[in-house]
Amino acid sequence: MKVAILGTGYVGLVTGACLADLGMHVTCVDIDKAKVALLKQGVVPIYEPGLESIVKPAVAADRLRFTTDIGEGLLGADVVFIAVGTPSDEDGSADLTYVLAAARSIGEAMNAFTVIVDKSTVPVGTAGKVNAEIAAALLRRGVTHEFAVVSNPEFLKEGSAVADFMRPDRIVLGIPPGPAGVRAREIMDRLYAPLQRNHLRTIHMDVPSAELTKYAANAMLATRISFMNELANLAGAVGADIESVRQGIGSDSRIGYHFLYAGTGYGGSCFPKDIRAICHTGLEHGMELKVIQAVEQVNRVQKEVLVRLINRRFGPDLRGRLFGLWGLAFKPNTDDMRDAPSRVIIEKLVSAGARVIAYDPVAMKEARRALATDLGEGTEMLARVSFAETPEDCVVGADALVIATEWKIFKSPDWSRLRVRLKQPVVFDGRNLFSPRLMRDEGFEYHSIGRGTPPAW
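A brief structural summary. Note on numbering: residues in each chain are counted from 1, in written sequence order. Totals for whole chains, interfaces and linings use all residues, but because this is a predicted model, local features are given only for residues with pLDDT of at least 70 and pairs of side-chain atoms are given and counted only at 80 or more. Only hydrogens and water are set aside when side-chain values are computed; all heavy atoms of the structure are taken into account.

**Side note on the packing of aromatic side chains**
- Classification of ring pairs rests on two measures: the distance between centres of Phe, Tyr or Trp rings, Trp counted by its six-membered ring, which must be within 6.5 Å, and the angle between planes, read as stacked under 30 degrees, edge-to-face over 60 and tilted in between. Tallied over the full model, the rule gives nine aromatic pairs.
- Note on Phe-314 and Phe-428: the rings are 6.2 Å apart at their centroids and 55° apart in plane angle, and the pair reads as tilted. A residue pair is termed long-range when its members are at least 10 positions apart, and Phe-314 in helix H13 (residues 305–314) and Phe-428 in strand E13 (residues 426–429) qualify at 114 residues.
- Of the aromatic side chains, those joined through ring pairs into one cluster are Phe-259, Tyr-266 and Phe-271. By the criteria applied, helices consist of DSSP H or I runs no shorter than four residues and strands consist of E runs no shorter than two, each listed in order from the N terminus.

**Side note on the side chain of Asp-164**
- Checked against the element boundaries, Asp-164 lands in helix H7 (residues 161–166).
- For the exposure calls, accessible area comes from a 1.4 Å probe over protein chains only, and a residue counts as buried if that area is under 20% of its type's maximum, exposed if over 50%, partly exposed in between. Assessed through its relative accessible area of 14%, Asp-164 is described here as buried.
- Here, residues are in contact when the closest pair of their heavy atoms is within 4.5 Å. Apart from the residues lying within four places of it in its own chain, the contact partners of Asp-164 are Phe-155, Leu-156 and Lys-157.

**Points about the pattern of salt bridges**
- One side-chain nitrogen of Lys or Arg within 4 Å of one carboxyl oxygen of Asp or Glu is enough to make a salt bridge. Following the criterion strictly, the structure yields 26 salt bridges and no others.
- The shortest N-O distance in the salt bridge between Asp-336 and Arg-338 comes to 2.8 Å.
- Using a relative accessible area of 7% as the deciding quantity, one classes Asp-336 as buried.
- When the shortest N-O distance is used, the salt bridge between Asp-441 and Arg-440 registers 3.8 Å.
- The class for Arg-440 is partly exposed, based on a relative accessible area of 38%.
- Taken together, the shared-partner salt bridges in this structure form one network comprising Arg-321, Asp-399 and Lys-423.

**Focus on helix H15 (residues 364–375)**
- Take the residue count of a helix, subtract one, and multiply by 1.5 Å to get its expected span. Taking 1.5 Å of rise per residue, the 12 residues of H15 would be expected to cover 16 Å, and the 16 Å separating its terminal C-alpha atoms lies within 8% of that figure.
- For H15, the complete set of buried residues consists of Met-364, Ala-367, Ala-370, Leu-371, Ala-372 and Leu-375.
- Residues of H15 that are buried in the fold lie against helix H14 (341–351), strand E10 (355–359), helix H16 (380–383) and strand E11 (385–387).
- In the segment just after H15, Gly-376 is the residue with positive phi, at about 100°.

**Section: unusual backbone geometry**
- You will see that Phe-259, though not glycine, has its phi angle at about 60°, which is positive.
- Overall, Phe-259 belongs to the partly exposed group, its relative accessible area being 31%.
- In the Ramachandran plot, Asn-333 falls in the positive-phi region, its phi being about 65° despite a non-glycine side chain.
- Tracing the sequence through the fold places Asn-333 in the loop between strand E9 (322–326) and H14.
- Given the relative accessible area of 32%, Asn-333 is considered partly exposed.

**What about the pairing of strand E12 (residues 400–403)?**
- In E12, alternate side chains face the same way, and those of Ala-400 and Val-402 on one face and Leu-401 and Ile-403 on the other are all buried.
- Two strands pair under a simple rule: DSSP has to find at least two bridges between them. Sheet analysis places E12 next to E13, joined by three bridges and oriented parallel. The partner of Leu-401 across the bridge, within E13, is Val-427.

**Section: the sheet that holds E11**
- Read from one edge of the open sheet, six strands run E11-E10-E9-E12-E13-E14, paired in parallel fashion. Every other strand in the sheet has two partners, leaving E11 and strand E14 (445–447) as the edge strands with one partner each. With strand direction ignored, the average angle separating the axes of adjacent strands in the sheet is 20°.
- Where E9 and E12 come together, four bridges link them in parallel fashion. Pairing of Gly-324 across the sheet is with Leu-401, part of E12.
- Whenever a helix is involved, its axis is fitted only over the stretch in contact; in every case the axis is a line through C-alpha atoms, and angles between N-to-C directions fall within 0 to 180 degrees. Against the sheet, H15 engages E10 and E11, with an angle of about 175° to E11.

**Quick word on helix H5 (residues 97–109)**
- End to end, H5 covers 19 Å across 13 residues, agreeing with the expected 18 Å (1.5 Å per residue, within 8%).
- Buried within H5 we find Val-99, Leu-100, Ala-102, Ala-103, Ile-106, Gly-107 and Ala-109.
- On its buried face, H5 sits against strand E1 (2–6), helix H4 (70–74), strand E4 (79–82), strand E5 (114–118) and helix H6 (126–141).

**Side note on the pairing of strand E8 (residues 202–205)**
- Relative to E8, strand E7 (residues 171–174) runs parallel, the two being bridged by four bridges. Bridge pairing links Val-172 to Ile-203 in E8.

**Focus on the packing of helix H1 (residues 10–21) against helix H3 (residues 51–60)**
- Interaxial distance between H1 and H3 falls to 9 Å at its minimum, and their mutual angle equals 55°. Relative to H3, the element H1 lies oblique. Between H1 and H3 the crossing geometry is left-handed. Taking contact as the criterion, the partners of Leu-13, Val-14, Ala-17, Cys-18, Ala-20 and Asp-21 in H1 are, on H3, Leu-51, Ile-54, Val-55 and Ala-58.
- In this classification, the charged set is Asp, Glu, Lys and Arg, the nonpolar set is Ala, Val, Leu, Ile, Met, Phe, Trp, Tyr, Cys and Pro, and all remaining amino acids, among them Gly, are polar. A breakdown of the residues in the contact of H1 with H3 according to their chemical character gives nine nonpolar, no polar and one charged. In these notes the angle categories are as follows: under 35 degrees is roughly parallel, over 145 is roughly antiparallel, 65 to 115 is roughly perpendicular, and the rest is oblique. A crossing counts as left-handed when the near helix is turned anticlockwise from the far one by less than a right angle, and as right-handed when that turn is clockwise.

Now the structure itself:
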């Protein structure tokens, strides 16, 4: 099959590379000439484990192509994926500017029956708008090609996106009614057949249900995170250990253990904007989604939880203090800094007069760009942030170590070496990587999220 992908961002590039790895002929289209030039050489501009190892051979075998010409991209394509960005607008709604522009471009270039797939995360009703844009473009051309707009939301986790695509929990297909929809269903089932050798993973449904499914999934996961963070804050106040509570409730098969870890809140490209978008959709239909609104409010406050602990220990005036920070990306195995808790932590610390020296295995380049936006290029506040080459260099002379991301490299440190390098043995752990009892035995003053007081036994 021939596939076209509009957009070479996170979703578009992973989708295109994985389909090419499955033997299909894929052309990815993007307006960014510099990015396309790099991709043509097999250079992947984002950090995602396993992605470069499938992009390079697919490019070499000519199964994966990149172009800025949408006419070239759509030539002979059976399926066209729209995988462009849907950033949050000022009112929290999903900005569909790029999606609708892609739809118009498809209508201006298609020359045969085509299945158009909404892969971008979009609110309910977007498929109808895409359909209208394509139909209007065809009308302007004076042609009457048949097409069908399918909703096929992505469920890729940053850091394991290739594995998620190749071994999906489910493949959701929102199919429009009518003969064109029947034809589209057959084509989409054939497209995903290589992923269903062991058992069928496809769930067919109507288009609005598919569009809502993506938001519902992310809202549920974000709710579990915020719920656990509120419980962790309560545990800290009453002297309970949130890790014990997690085991106690996670062992219930109705609840399970996934997404029940306390921390500094969620970030990234999906949860923050999708929570805002679903709340906005509710308001558009006269409904206030109070639970989901609370999820966002709790998360916003939770990003400051480590700063509150630091202020409790050192006071609100942090002038003259130096903090070593481990982890910048919003989660491990990615360089994504979008809505990363580390940005809030750094901004609050330097605003209080502190200096921060940070380390992250892959995200420091992106962090420099993000922090320049947050703190201001060339400002005194930005000058208070520097970067270390190793985790141990990060803590030399620091008043405390702050852990913001749970990279594996941080999970088994040499405590004796760290204790010597730190000005004082104080750790603020935003990811609860260590046992309070272990830290006490290692001679550290340990502040974590909802772990209470370590028992004497």
